[in-house]
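Residue-level listing of the chains:
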Amino acid sequence: MEKSNAYGVGLALIGALGFSLKAIFVKLAYPYGVDAITLLALRMGFSLPFFLWVGLTGRKAASHLTRDDWFKLIGLGCLGYYGASILDFMGLQYISAGLERLILFTYPTLTILIGVLFQGKPFSRREVIAIALCYAGIGLAFIHDLGLGDTRSVLIGGALVFGSSISYALYISGSAPMIGRLGAMRFSALATLVSSAVTLLHFSIAQPLSAFIQPLPVYGWGLAMAIFSTVIPVFAQSSAIRHLGAGRASLVGMVGPILTIGFGWWLLDEAISLEQIIGAGLVVIGILIVSRR
């Protein structure tokens, strides 16, 4: 059990690393003039071959999916890597990568609350302590960011990213039983294929096909996002949920904002402060608490 727990924590950390890089890649691509839906379509388009391969290798088992399974997959696919992503990409047009992580990483708390309120899951004292430490750390780490930019941009961007957090929390909460039924790899592939289809449909309605003609660096950042912030973390996160459960996997993933602080400072020249360093320490303590049984 301890070995499985450690393995799950490791997978959740890999997922957090990949998802933390997403905001950095988006910010690096935006100066070239690409819009949110086109960038998301490139991300999902580059990811599509990987998920098709996994989906096709499991087609024999997938043929036994019931109508109810397909409805759930479609709903979760729309919530997860389409709904959560498009709202997040739009929010990043208004706020910094660091502040985006602060707001987006309210999803672990939302995931646990959904489990408690609608799935009959217990709320342990360990989880309460871990949540308190992690959110105190994240809040402290981003205090200086809250005063940056104009209020209107912060409100618009913050609302969009919080909507993304709600959408992703619903996806995480609903994915655990489906992962148990289909397996982490197959579920991730099928749900992301749905997300890709919806994303490309949105793109075809909102943009002409010529919008795919972008400067070369945009393709590079889109491909990096597909591999390092989609394919690898999607499978890692799903496997982590299988080992830890949705709530605990989400809590371990709260290291994400701290990783983004570092990447933002390194690659985007975003400021880093003493408050962020202290906050990082609190988050690490919270993760250590939740990662032990």
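See above for the structure.
Residues numbered from 1 in each chain as written. Predicted model: local features only at pLDDT ≥ 70, side-chain atom pairs only at ≥ 80, totals over all residues. Heavy atoms only, no water.

> Explanation requested: the overall build of the protein chain in the structure shown.
Across its full length, the protein chain carries 13 helices and 0 strands. Listed by position from the N terminus, the elements making up the protein chain come as α-α-α-α-α-α-α-α-α-α-α-α-α. Whereas a compact globule of 293 residues would reach a radius of gyration of roughly 19 Å, the protein chain reaches 18 Å, a difference of no more than 12%. With the C-alpha coordinates of the protein chain rotated into their principal frame, the extents come out at 50 × 50 × 30 Å. Buried positions account for 53% of the 293 residues belonging to the protein chain. Restricting to contacts in the protein chain with at least 6 residues of sequence separation, those with at least 24 account for 90%. As displayed, the protein chain has an accessible area near 12900 Å², and 71% of this comes from carbon and sulfur atoms. (Helix = DSSP H or I, 4+ residues; strand = E, 2+ residues; numbered from the N terminus. Rg over C-alpha atoms; globule rule 2.2 N^0.38 Å. Buried < 20%, exposed > 50% of the residue type's maximum accessible area, 1.4 Å probe, protein only. Contact = heavy atoms within 4.5 Å. Areas by Shrake-Rupley, 256 points an atom, 1.4 Å probe, with all protein chains shown as cover.)

> In this structure, what is going on with the side chain of S153? I would like to understand it.
Tracing the chain through its elements places S153 in helix α8 (residues 151–182). The class for S153 is buried, based on a relative accessible area of 18%. Apart from residues lying up to four places away in sequence, S153 is in contact with Y94, I95 and G158.

> Looking at this structure, I do not really get the pattern of salt bridges. What am I missing?
Pairing is possible between side chains of opposite charge, provided their charged atoms come close. In the structure shown here, the tally under the stated rule is 3 salt bridges. Linking D68 and K72 is a salt bridge whose minimum nitrogen-to-oxygen distance equals 3.2 Å. Of this pair, D68 and K72 both sit in helix α4 (residues 67–91), 4 residues apart, which is roughly one turn of the helix. Residue classification places K72 among the partly exposed residues on the basis of a relative accessible area of 41%. In this structure, R181 and D69 form a salt bridge, with 2.6 Å as the shortest nitrogen-oxygen distance. Taken together, the residues span a long stretch of sequence, with R181 in helix α8 and D69 in helix α4 at a distance of 112 residues. (Salt bridge = Lys/Arg side-chain N within 4 Å of Asp/Glu carboxyl O.)

> Looking at this structure, I do not really get the environment of I179. What am I missing?
With respect to the helices and strands, I179 occurs in helix α8. Its relative accessible area of 2% is what places I179 among the buried residues. Placed 60 residues apart in sequence, I179 and S239 show a C-alpha to C-alpha distance of 8.4 Å. The residues touching I179, leaving out its near neighbours within four places in the chain, are A184, F187, S238, I241 and R242.

> Please explain the layout of surface pockets as it appears in this structure.
A probe matching the size of a water molecule, rolled over the atoms, marks out where space remains unfilled. The calculated volume of the largest pocket comes to roughly 180 Å³. Looking at the largest pocket, it is lined by 14 residues, and the ones nearest its centre are K121, P122, E127, G247 and R248. Listed by contribution, the elements that provide at least two residues to the lining of the largest pocket are α6 (107–118) and α11 (246–252). Broken down by element, the lining of the largest pocket gets its largest block of residues, 4 residues, from α6. (1 Å grid on protein atoms, 1.4 Å probe; cavity = no way out; pocket = protein on both sides within 12 Å on 5 of 7 lines; lining within 4 Å. Points joined across faces, edges and corners; volume = space filled by probe spheres on them.)

> When you look at the packing of aromatic side chains in this model, what are you seeing that I'm missing?
According to the stated counting rule, one finds 10 aromatic pairs in the structure shown. Plain terms: the ring middles of Y171 and F187 are 6.1 Å apart, the flat faces sit at 25° to each other, and that makes the pair stacked. Placement of the pair is Y171 in helix α8 and F187 in helix α9 (residues 184–206), with a sequence separation of 16 residues. As far as burial versus exposure is concerned, Y171 and F187 are alike and both buried. An aromatic cluster is present here, built from F19, Y81, Y168, Y171 and F187 joined pairwise through their rings. (Phe/Tyr/Trp six-rings, centres within 6.5 Å; stacked < 30°, edge-to-face > 60°.)

> How should the packing of α4 against α9 be read in this particular structure?
In a packed pair of helices, the relevant descriptors are the angle between the two axes and the axis-to-axis distance. Two elements in contact, α4 and α9, have axes separated by 7 Å at closest approach and are oriented at 60°. Of the possible angle classes, the one that applies to α4 and α9 is oblique. Crossing hand, α4 versus α9: right-handed. Contacts between α4 and α9 involve W70, L73, I74, L76, G77, C78, Y81, Y82 and I86 from the former and F187, L190, A191, T192, V194, S195, V198, T199 and H202 from the latter. For the contact of α4 with α9, the residue count by class is 13 nonpolar, 5 polar and no charged. (Axes fitted to C-alpha atoms, helices over the stretch in contact; angles between N-to-C directions. Parallel < 35°, antiparallel > 145°, perpendicular 65-115°, else oblique. Left-handed = near helix turned anticlockwise from the far one by under 90°. Nonpolar A, V, L, I, M, F, W, Y, C, P; charged D, E, K, R; others polar.)

> Please clarify how empty space enclosed by the protein should be interpreted in this entry.
Applying the stated criterion across every chain yields a total of 1 cavity of 30 Å³ or more. When its volume is computed, the largest cavity comes out at roughly 160 Å³. If you trace the largest cavity, you find 13 residues lining it, with F19, K22, R101, L104 and Y168 closest to the centre. Going through the elements one at a time, α1 (2–29), α4, α5 (97–104) and α8 are the ones with two or more residues in the lining of the largest cavity. In terms of residue count, α4 provides more of the lining of the largest cavity than any other element does, 4 residues in total. For the lining of the largest cavity, the class distribution of residues is 7 nonpolar, 3 polar and 3 charged.

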